[in-house]
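Here is what each chain is made of, one letter per residue.
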Amino acid sequence: MKWELIESDADLRAALAEVAECPVVAVDTEFMRTNTFYPQVALVQLCFGEKALLIDPLTLSDTSPLAALLTNPAVIKVLHSASEDLEVFSCWLGILPTPLFDSQRAAALVDIGFGMGYSTLVKEICDIDLPKGETRSDWLQRSLTDSQCEYAAQDVAWLLPVWRHLDHLCRQQGKGDWVLADGQDAIEAYISPEMDYAKRFKTAWKLDSRQLGTLIAVSNWREETARHRNKPRGWIIDDKACIQLAQYDPHTLQELKSQVELDAAALRRNADALLEVLAAQRAQPESELPDRLPAPLDAVQRKQLKHLKSQLKGMAVELHATPEALLQARDYELLLREANGEIIVEPRHWRGWRREAVIAALRASLAGAP
């Protein structure tokens, strides 16, 4: 595998100038995130053809040529399972790669498999076993070894033949726009994420309005604190502690110590702030409290859910796609609740091709249409 290590602004400009007319680029990143909230970018890999460009971000002062490439609407960016890479580019460059072709998503849309890892997909399409020796390498160490560079080059170079195969299948099946639309949905979801963190707690539906308001306040505080300190959420306080704070609403330091499972370090760092959050939430009037979350589906609704999933499987066969590529797991319940008269917030990914190909038919079925 041919590769070139880019370690200066001048080399970056020259290398990208040579491939300025290429319509597609494969993109990958290596980063570290052990004890931080934000990823620490360590290497960016690009491939336009026969040679991989390995860009060392630790040696660059002018990243504008790379940012320009990644935002050029005339160049398709091919990434695999792009969510973490989106975060890397957002945090490092302040941009997101678009238009985005996610090979993991494309494989699911043409029924090769859902959630396939990169190595598995390369093996499936190219019959190549990628090396795994540097998987847990320290990518922030310098200088990079030849073994690391070879691994990183292989990781991005095989994306192009994978893309060619998947792009051909997508176009053949009339799904060329589907995968790019899903890429845009992923970008929009990153830009405007769901901020109601309390919905991520499985037992939050058991909380009354006052307790739920507290859970939301504590979750928001944890998110802001994790970002400010650049530490993982669980390093601030874990999920169990968030629920306990909502359930018991401790008023004093002694109550906090006895009612909430916080280790000594977390208690020392956060006790005062948590008590302030709880006191502020306690003062909220009833009129400003959130509605309780709906209870889990009952027996009748679970039966409807099973029927809905069976119906989607049939649609997936007809569309030559995996069911999971058509609907996310939570979509079934949203559709059921909507059909039963509950007000829902329609997810952004229900728009476009998915509305026409999937959502409309399932809504009609739930409404009893012949």
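Everything discussed here concerns the structure shown above.
We now turn to the structure provided with this report. (Residues numbered from 1 in each chain as written. Predicted model: local features only at pLDDT ≥ 70, side-chain atom pairs only at ≥ 80, totals over all residues. Heavy atoms only, no water.)

1. Regarding the pattern of salt bridges
Two side chains with opposite charge may pair up if their charged atoms get near one another. Stated formally: We count a salt bridge whenever a side-chain nitrogen from Lys or Arg sits within 4 Å of a carboxyl oxygen from Asp or Glu. Exposure classes here rest on a 1.4 Å probe applied to the protein chains alone. A residue is buried below 20% of its type maximum, exposed above 50%, and partly exposed in between.
One pass over the structure, following the stated rule, counts 22 salt bridges. Here Arg355 makes a salt bridge to Glu346, at a shortest N to O gap of 2.4 Å. Arg355 gets classed as partly exposed once you look at its relative accessible area, which sits at 32%. Linked through salt bridges whose partners overlap, the residues forming this network are Glu338, Glu346, Arg355 and Arg363.

2. With respect to the sheet that holds strand β2 (residues 24–32)
How we decide: Two strands are counted as paired when DSSP detects at least two bridges linking them. Only DSSP runs of H or I reaching four residues or more are called helices, and only runs of E reaching two or more are called strands; each is numbered from the N terminus. Under this scheme, a helix contributes an axis fitted over its contacting stretch, all axes are lines through C-alpha atoms, and angles between N-to-C directions fall in the 0 to 180 degree range.
Taken together, the six strands give an open sheet; going across it, the order is β1-β4-β3-β2-β5-β6, and neighbouring strands pair in mixed fashion. Edge positions in the sheet fall to β1 (2–6) and β6 (100–102), since each of these pairs with one other strand and no more. With strand direction ignored, the average angle separating the axes of adjacent strands in the sheet is 25°. Of the strand pairs in this sheet, strand β3 (residues 40–47) and strand β4 (residues 51–55) are connected by four bridges, and their pairing is antiparallel. The partner of Leu46 across the bridge, within β4, is Leu53.

3. Notes on the packing of helix α8 (residues 176–191) against helix α17 (residues 352–366)
Keep this limit in mind: Contacts are assigned to residue pairs that have any heavy atoms within 4.5 Å of one another.
Packing of α8 against α17 brings their axes to within 9 Å, and their N-to-C directions diverge by 115°. Between α8, through Trp178, Ala181, Asp182 and Asp185, and α17, the contact on the second element is made entirely by Trp353, Arg354 and Ala357.

4. Focus: the environment of Gln284
Its place among the elements puts Gln284 in the loop between α13 (264–282) and α14 (299–319). Taking the C-alpha atoms as reference points, Gln284 and Asp249, 35 residues apart in sequence, are found 13 Å from one another. Residues contacting Gln284, with those up to four places away along its chain left out, are Arg210 and Leu289.

5. Here we look at unusual backbone geometry
Residue Pro99 is reached from Thr98 by a cis peptide bond, and omega for that bond is -5°. As for its placement among the helices and strands, Pro99 is situated in the loop between α3 (83–93) and β6. The peptide bond linking Arg142 to Ser143 adopts the cis configuration, its omega dihedral lying at 10°. As for its position among the elements, Ser143 is in the loop between α5 (118–126) and α6 (146–157). Despite not being glycine, Asp127 shows a phi value in the positive range, around 55°. Looking at Asp127, the relative accessible area reads 55%, which means it is exposed. Although it is not a glycine, Asn230 sits at a positive phi angle of roughly 55°.

6. Here's the deal with the packing of aromatic side chains
For the record, the criterion: Note on aromatic pairs: the rings of Phe, Tyr and Trp (six-membered ring only in Trp) are paired at centre separations within 6.5 Å, and the planes decide the class, stacked below 30 degrees, edge-to-face beyond 60, tilted for the rest.
Scanning the model with the defined rule gives three aromatic pairs in all. With a centroid separation of 5.9 Å and an interplanar angle of 35°, the aromatic rings of Trp139 and Tyr151 are classed as tilted. Taken together, the residues Trp139 in the loop between α5 and α6 and Tyr151 in helix α6 connect sequence positions 12 residues apart. An identical accessibility class is assigned to Trp139 and Tyr151; each is buried.

7. Some points on helix α7 (residues 159–172)
Test applied: Working rule for helices: expected span equals 1.5 Å times residues minus one.
The end-to-end C-alpha distance of α7, which contains 14 residues, comes to 20 Å, matching closely the 20 Å that a straight helix rising 1.5 Å per residue would cover. What α7 keeps buried is the set Leu159, Leu160, Val162, Trp163, Leu166, Asp167, Leu169 and Cys170.

8. Considering the nonpolar core
Defined as follows: We call a set of buried residues a nonpolar core when its members are Ala, Val, Leu, Ile, Met, Phe, Trp, Tyr or Cys and they connect through side-chain atoms within 4.5 Å of each other.
The biggest cluster of nonpolar side chains holds 58 residues, and the ones touching the most others in it are Phe101, Trp139, Leu166, Leu312, Leu327 and Leu362. Contact partners of Phe101, with chain neighbours within four places excluded, come to Ile76, Lys77, Val78, Leu79, Ala106, Trp163, Leu166, Asp167, Val179 and Leu180. One finds Val27, Val41, Leu86 and Phe89 within the second-largest nonpolar core, a separate group that totals 30 residues.

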